[in-house]
Amino acid sequence: MIVSGSESQILAARLADVTGGRLARVEFKRFPDGELKVRVPDPSADRGVIVASTPSCDAHIELLQLQDALRAAGVQEIVTVMPFMGYARQSKVFETGDPISARAMARAVSTGTDRVLTVEPHKTDVVDLFDVPASTVKAGDLLAEPLPGDLTEPMFVSPDEESTYLAEAARNAYGRGESNHFEKTRHTSTDVEIEPRDVDVTGRDVVLTDDIIATGSTMSEAVDVLQAKDAARVFVTCVHPILMSNAVLKLSDAGVDAIYGTDTLERTVSEVSVAPAIADAL
Ligand code: R5P
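Below you will find a few notes about this structure. All values reported here derive from a predicted model rather than from experimental measurement. (Residues numbered from 1 in each chain as written. Predicted model: local features only at pLDDT ≥ 70, side-chain atom pairs only at ≥ 80, totals over all residues. Heavy atoms only, no water.)

1. What to know about the nonpolar core
Thought 1: With 33 residues, the main nonpolar core has Val 51 and Leu 147 as its most contacted residues.
Thought 2: Those elements giving two or more residues to this core turn out to be helix H1 (9-19), strand E4 (47-51), strand E5 (77-82), strand E6 (115-119), helix H4 (164-174), strand E13 (234-241), strand E14 (258-262) and helix H7 (275-281).
Thought 3: Once you skip the residues sitting within four places of it in the chain, Leu 147 turns out to touch Phe 156, Tyr 174, Val 207, Phe 235, Thr 237 and Tyr 260. (Core = buried A, V, L, I, M, F, W, Y, C linked by side-chain atoms within 4.5 Å. Buried < 20%, exposed > 50% of the residue type's maximum accessible area, 1.4 Å probe, protein only. Helix = DSSP H or I, 4+ residues; strand = E, 2+ residues; numbered from the N terminus. Contact = heavy atoms within 4.5 Å.)

This is the structure we're talking about:
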(Lines give C-alpha, C1' and ligand atoms only; values in the text may rest on other atoms or scores of the structure.)
Protein backbone atom coordinates (compact mmCIF):
# COMPACT_ATOMS: atom_id res chain seq x y z
CA MET A 1 0.00 0.00 0.00
CA ILE A 2 1.32 3.44 -1.01
CA VAL A 3 0.16 6.27 1.25
CA SER A 4 0.68 9.85 0.12
CA GLY A 5 1.26 13.06 2.00
CA SER A 6 -0.57 16.04 0.51
CA GLU A 7 2.64 17.38 -1.11
CA SER A 8 3.47 14.13 -2.94
CA GLN A 9 0.27 12.91 -4.55
CA ILE A 10 1.53 12.77 -8.14
CA LEU A 11 4.76 11.02 -7.17
CA ALA A 12 2.87 8.56 -4.94
CA ALA A 13 0.53 7.73 -7.83
CA ARG A 14 3.52 7.18 -10.12
CA LEU A 15 5.16 4.97 -7.50
CA ALA A 16 1.96 2.93 -7.23
CA ASP A 17 2.02 2.51 -11.03
CA VAL A 18 5.67 1.44 -11.08
CA THR A 19 5.38 -0.98 -8.15
CA GLY A 20 1.83 -2.22 -8.75
CA GLY A 21 1.01 -1.27 -5.14
CA ARG A 22 -2.41 0.00 -4.06
CA LEU A 23 -2.58 3.80 -3.78
CA ALA A 24 -4.50 4.45 -0.57
CA ARG A 25 -7.13 7.15 -0.38
CA VAL A 26 -6.08 9.76 2.18
CA GLU A 27 -8.22 12.59 3.52
CA PHE A 28 -6.61 15.84 4.65
CA LYS A 29 -8.48 18.17 6.97
CA ARG A 30 -7.71 21.42 8.77
CA PHE A 31 -9.69 22.34 11.89
CA PRO A 32 -10.81 25.95 12.44
CA ASP A 33 -7.98 26.45 14.97
CA GLY A 34 -5.43 25.52 12.31
CA GLU A 35 -4.64 21.99 13.48
CA LEU A 36 -4.33 19.30 10.83
CA LYS A 37 -5.76 15.82 10.63
CA VAL A 38 -5.18 13.07 8.11
CA ARG A 39 -7.29 9.94 7.70
CA VAL A 40 -6.63 6.75 5.77
CA PRO A 41 -10.11 5.23 5.46
CA ASP A 42 -8.87 1.79 4.34
CA PRO A 43 -5.49 1.22 5.97
CA SER A 44 -5.46 -2.59 5.65
CA ALA A 45 -2.05 -3.80 4.50
CA ASP A 46 0.97 -5.64 5.85
CA ARG A 47 3.32 -3.04 4.49
CA GLY A 48 2.72 0.68 4.14
CA VAL A 49 4.99 2.94 2.11
CA ILE A 50 4.39 6.56 3.06
CA VAL A 51 5.51 9.04 0.39
CA ALA A 52 5.65 12.51 1.87
CA SER A 53 7.96 15.36 0.96
CA THR A 54 8.23 17.83 3.81
CA PRO A 55 8.76 21.32 2.42
CA SER A 56 6.56 22.86 5.14
CA CYS A 57 5.79 22.45 8.84
CA ASP A 58 2.30 21.22 7.90
CA ALA A 59 3.83 18.49 5.74
CA HIS A 60 5.98 17.34 8.67
CA ILE A 61 2.91 17.09 10.92
CA GLU A 62 0.96 15.19 8.26
CA LEU A 63 3.80 12.70 7.92
CA LEU A 64 3.84 11.97 11.65
CA GLN A 65 0.07 11.60 11.61
CA LEU A 66 0.17 9.19 8.65
CA GLN A 67 2.74 7.05 10.44
CA ASP A 68 0.59 6.98 13.56
CA ALA A 69 -2.56 6.13 11.60
CA LEU A 70 -0.86 3.16 9.93
CA ARG A 71 0.59 1.85 13.21
CA ALA A 72 -2.79 2.22 14.92
CA ALA A 73 -4.34 0.20 12.07
CA GLY A 74 -1.87 -2.63 12.63
CA VAL A 75 0.29 -2.19 9.54
CA GLN A 76 3.30 -4.43 10.23
CA GLU A 77 6.03 -2.65 8.28
CA ILE A 78 6.14 1.08 7.63
CA VAL A 79 8.61 2.53 5.15
CA THR A 80 8.81 6.32 5.11
CA VAL A 81 9.91 7.93 1.86
CA MET A 82 10.73 11.62 2.16
CA PRO A 83 11.49 12.48 -1.49
CA PHE A 84 12.41 16.00 -0.31
CA MET A 85 13.38 16.20 3.33
CA GLY A 86 12.78 19.65 4.74
CA TYR A 87 15.29 20.97 7.30
CA ALA A 88 18.00 18.68 5.89
CA ARG A 89 20.21 21.71 5.20
CA GLN A 90 20.27 22.50 8.94
CA SER A 91 22.45 19.50 9.73
CA LYS A 92 25.03 21.15 11.97
CA VAL A 93 25.39 23.82 14.63
CA PHE A 94 26.18 27.07 12.80
CA GLU A 95 26.37 29.26 15.95
CA THR A 96 26.29 28.56 19.65
CA GLY A 97 22.77 27.83 20.79
CA ASP A 98 21.57 26.38 17.47
CA PRO A 99 19.66 23.11 17.30
CA ILE A 100 20.61 20.51 14.72
CA SER A 101 17.19 20.81 13.15
CA ALA A 102 17.71 17.94 10.71
CA ARG A 103 18.42 15.69 13.71
CA ALA A 104 15.27 16.87 15.51
CA MET A 105 13.19 16.07 12.41
CA ALA A 106 14.94 12.74 11.86
CA ARG A 107 14.35 11.66 15.45
CA ALA A 108 10.66 12.52 15.26
CA VAL A 109 10.24 10.64 11.97
CA SER A 110 12.17 7.62 13.30
CA THR A 111 9.62 6.99 16.04
CA GLY A 112 6.91 6.00 13.54
CA THR A 113 8.71 3.95 10.93
CA ASP A 114 10.88 0.92 10.33
CA ARG A 115 12.95 2.46 7.59
CA VAL A 116 13.52 5.77 5.79
CA LEU A 117 14.44 6.67 2.21
CA THR A 118 15.18 10.18 1.01
CA VAL A 119 16.21 11.45 -2.41
CA GLU A 120 19.51 13.35 -2.82
CA PRO A 121 19.54 15.17 0.52
CA HIS A 122 21.75 18.24 0.74
CA LYS A 123 24.37 16.10 2.53
CA THR A 124 24.20 12.31 2.38
CA ASP A 125 25.28 11.90 6.01
CA VAL A 126 21.90 13.27 7.10
CA VAL A 127 20.82 9.60 7.07
CA ASP A 128 23.03 9.02 10.14
CA LEU A 129 20.70 11.26 12.15
CA PHE A 130 17.83 8.74 12.02
CA ASP A 131 17.35 6.13 14.73
CA VAL A 132 16.17 3.54 12.16
CA PRO A 133 17.90 2.33 8.96
CA ALA A 134 17.90 5.20 6.47
CA SER A 135 19.36 5.51 2.98
CA THR A 136 19.46 7.86 0.03
CA VAL A 137 18.20 7.53 -3.53
CA LYS A 138 20.38 9.03 -6.26
CA ALA A 139 18.81 11.30 -8.87
CA GLY A 140 21.71 13.17 -10.52
CA ASP A 141 21.50 11.05 -13.67
CA LEU A 142 17.82 11.98 -14.08
CA LEU A 143 18.75 15.63 -14.58
CA ALA A 144 19.94 14.75 -18.10
CA GLU A 145 16.59 13.26 -19.14
CA PRO A 146 14.65 16.39 -20.17
CA LEU A 147 17.61 18.02 -21.95
CA PRO A 148 17.48 18.48 -25.74
CA GLY A 149 19.61 15.95 -27.59
CA ASP A 150 21.41 18.58 -29.64
CA LEU A 151 23.48 20.36 -26.98
CA THR A 152 26.56 22.06 -28.44
CA GLU A 153 29.78 20.99 -26.69
CA PRO A 154 27.83 20.67 -23.45
CA MET A 155 29.38 21.76 -20.19
CA PHE A 156 27.74 20.50 -16.99
CA VAL A 157 28.46 22.92 -14.15
CA SER A 158 27.55 22.91 -10.48
CA PRO A 159 27.52 26.27 -8.69
CA ASP A 160 29.78 24.98 -5.92
CA GLU A 161 32.23 22.15 -5.36
CA GLU A 162 29.83 20.33 -3.02
CA SER A 163 27.41 19.50 -5.82
CA THR A 164 30.00 18.51 -8.44
CA TYR A 165 28.73 14.95 -8.17
CA LEU A 166 25.43 16.07 -9.73
CA ALA A 167 27.16 17.70 -12.71
CA GLU A 168 29.19 14.51 -13.19
CA ALA A 169 26.16 12.24 -12.90
CA ALA A 170 24.17 14.34 -15.38
CA ARG A 171 27.09 14.46 -17.82
CA ASN A 172 27.57 10.71 -17.63
CA ALA A 173 23.87 10.11 -18.20
CA TYR A 174 23.82 12.55 -21.14
CA GLY A 175 26.72 10.65 -22.64
CA ARG A 176 28.95 13.48 -23.81
CA GLY A 177 30.37 16.82 -22.69
CA GLU A 178 32.47 17.92 -19.75
CA SER A 179 31.74 18.71 -16.13
CA ASN A 180 33.11 21.38 -13.85
CA HIS A 181 32.15 23.57 -10.90
CA PHE A 182 32.14 27.20 -9.82
CA GLU A 183 32.94 28.52 -6.32
CA LYS A 184 30.08 29.91 -4.24
CA THR A 185 30.13 32.25 -1.26
CA ARG A 186 26.82 32.80 0.49
CA HIS A 187 26.65 36.15 2.31
CA THR A 188 22.97 35.94 3.31
CA SER A 189 20.07 33.69 2.37
CA THR A 190 19.52 35.71 -0.81
CA ASP A 191 22.95 37.27 -1.38
CA VAL A 192 25.18 34.78 -3.15
CA GLU A 193 28.47 35.37 -4.96
CA ILE A 194 29.60 33.01 -7.71
CA GLU A 195 33.26 32.86 -8.73
CA PRO A 196 33.58 31.36 -12.23
CA ARG A 197 37.09 29.89 -11.82
CA ASP A 198 38.78 28.95 -15.07
CA VAL A 199 35.83 27.34 -16.84
CA ASP A 200 35.66 28.11 -20.58
CA VAL A 201 32.05 28.12 -21.76
CA THR A 202 32.28 30.47 -24.76
CA GLY A 203 29.80 29.34 -27.41
CA ARG A 204 28.93 26.18 -25.48
CA ASP A 205 25.57 25.04 -24.14
CA VAL A 206 25.71 24.89 -20.35
CA VAL A 207 23.69 22.75 -17.97
CA LEU A 208 23.72 24.02 -14.39
CA THR A 209 23.02 21.32 -11.80
CA ASP A 210 22.22 21.68 -8.10
CA ASP A 211 20.39 19.71 -5.44
CA ILE A 212 17.94 22.49 -4.56
CA ILE A 213 16.69 25.71 -6.10
CA ALA A 214 15.09 27.66 -3.25
CA THR A 215 15.20 31.44 -3.72
CA GLY A 216 16.94 31.04 -7.08
CA SER A 217 19.79 33.31 -5.90
CA THR A 218 22.51 30.73 -6.50
CA MET A 219 21.35 29.77 -9.96
CA SER A 220 20.57 33.30 -11.16
CA GLU A 221 24.05 34.45 -10.11
CA ALA A 222 25.54 31.46 -11.92
CA VAL A 223 23.52 32.29 -15.04
CA ASP A 224 24.80 35.89 -14.90
CA VAL A 225 28.36 34.59 -14.79
CA LEU A 226 27.71 32.31 -17.76
CA GLN A 227 26.14 35.12 -19.79
CA ALA A 228 29.18 37.30 -19.07
CA LYS A 229 31.37 34.47 -20.34
CA ASP A 230 29.39 34.19 -23.60
CA ALA A 231 27.83 30.79 -23.04
CA ALA A 232 25.29 29.76 -25.68
CA ARG A 233 22.13 28.25 -24.17
CA VAL A 234 21.83 27.85 -20.39
CA PHE A 235 19.67 25.09 -18.86
CA VAL A 236 19.06 25.11 -15.11
CA THR A 237 18.41 21.73 -13.49
CA CYS A 238 17.89 20.60 -9.91
CA VAL A 239 16.60 17.63 -7.96
CA HIS A 240 14.32 19.60 -5.62
CA PRO A 241 12.58 22.59 -7.28
CA ILE A 242 11.40 24.51 -4.22
CA LEU A 243 11.27 27.64 -6.38
CA MET A 244 9.95 29.91 -3.64
CA SER A 245 8.84 33.50 -4.00
CA ASN A 246 10.11 35.02 -7.27
CA ALA A 247 12.76 32.38 -8.06
CA VAL A 248 11.34 31.62 -11.52
CA LEU A 249 11.20 35.31 -12.40
CA LYS A 250 14.80 35.79 -11.25
CA LEU A 251 15.96 32.91 -13.39
CA SER A 252 13.95 34.03 -16.36
CA ASP A 253 15.30 37.58 -16.00
CA ALA A 254 18.83 36.19 -15.87
CA GLY A 255 18.18 34.57 -19.26
CA VAL A 256 17.82 30.81 -18.73
CA ASP A 257 16.56 28.77 -21.66
CA ALA A 258 14.70 26.24 -19.48
CA ILE A 259 14.35 25.05 -15.87
CA TYR A 260 14.01 21.34 -15.14
CA GLY A 261 13.46 19.57 -11.83
CA THR A 262 12.22 16.24 -10.53
CA ASP A 263 8.89 15.41 -8.93
CA THR A 264 10.25 15.24 -5.36
CA LEU A 265 8.38 18.54 -5.27
CA GLU A 266 5.42 18.97 -7.58
CA ARG A 267 5.99 22.04 -9.69
CA THR A 268 5.36 22.81 -13.35
CA VAL A 269 9.10 22.31 -13.99
CA SER A 270 9.03 18.77 -12.49
CA GLU A 271 9.77 17.13 -15.82
CA VAL A 272 11.33 13.92 -14.60
CA SER A 273 10.10 11.38 -12.08
CA VAL A 274 12.08 9.79 -9.26
CA ALA A 275 9.41 7.06 -8.93
CA PRO A 276 11.43 4.33 -10.71
CA ALA A 277 14.54 5.11 -8.63
CA ILE A 278 12.50 4.99 -5.40
CA ALA A 279 10.86 1.73 -6.51
CA ASP A 280 14.31 0.17 -7.01
CA ALA A 281 15.31 1.20 -3.49
CA LEU A 282 12.17 -0.10 -1.75
C1 R5P B 1 23.05 24.85 -0.91
O2 R5P B 1 24.28 24.87 -0.88
C3 R5P B 1 22.31 24.12 -1.98
O4 R5P B 1 23.13 23.23 -2.65
C5 R5P B 1 21.67 25.07 -2.98
O6 R5P B 1 22.68 25.68 -3.75
C7 R5P B 1 20.86 26.12 -2.30
O8 R5P B 1 19.96 25.53 -1.42
C9 R5P B 1 20.12 26.98 -3.30
O10 R5P B 1 19.43 27.96 -2.60
P11 R5P B 1 18.98 29.31 -3.32
O12 R5P B 1 18.18 28.93 -4.53
O13 R5P B 1 18.17 30.01 -2.29
O14 R5P B 1 20.21 30.07 -3.67
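2. Remarks on the site of the ligand
Thought 1: Near the ligand you find 14 residues, and of these Arg 89, Asp 210, Asp 211, Thr 215 and Thr 218 are the closest.
Thought 2: Lys 184 is positioned with one of its side-chain polar atoms (N or O) 2.8 Å from an oxygen atom of the ligand.
Thought 3: Thr 218 places a side-chain nitrogen or oxygen 2.6 Å from an oxygen atom of the ligand.
Thought 4: With the chains in place, 94% of the 380 Å² that the ligand exposes on its own is no longer accessible.
Thought 5: At a threshold of 2 Å from the grid points, most atoms of the ligand map onto the largest pocket.
Thought 6: Ranked by residue count, the leading element in the shell around the ligand is strand E12 (residues 206-213), at four residues. (Near = heavy atom within 4 Å. Polar contact = N/O pair within 3.5 Å; in protein donor to acceptor, adjacent residues only side chain to side chain. Areas by Shrake-Rupley, 256 points an atom, 1.4 Å probe, with all protein chains shown as cover. 1 Å grid on protein atoms, 1.4 Å probe; cavity = no way out; pocket = protein on both sides within 12 Å on 5 of 7 lines; lining within 4 Å. Sits in = over half its atoms within 2 Å of the grid points.)

3. A word on the environment of Val 49
Thought 1: Position of Val 49 relative to the elements: it lies in strand E4.
Thought 2: Separated by 159 residues in the primary sequence, Val 49 and Leu 208 have C-alpha atoms spaced 33 Å apart.
Thought 3: Leaving out residues up to four positions away in the same chain, Val 49 has contacts with Met 1, Ile 2, Val 3, Leu 15, Val 79, Val 81 and Leu 282.

From the geometry alone we can't say anything about function, so treat these as descriptive.
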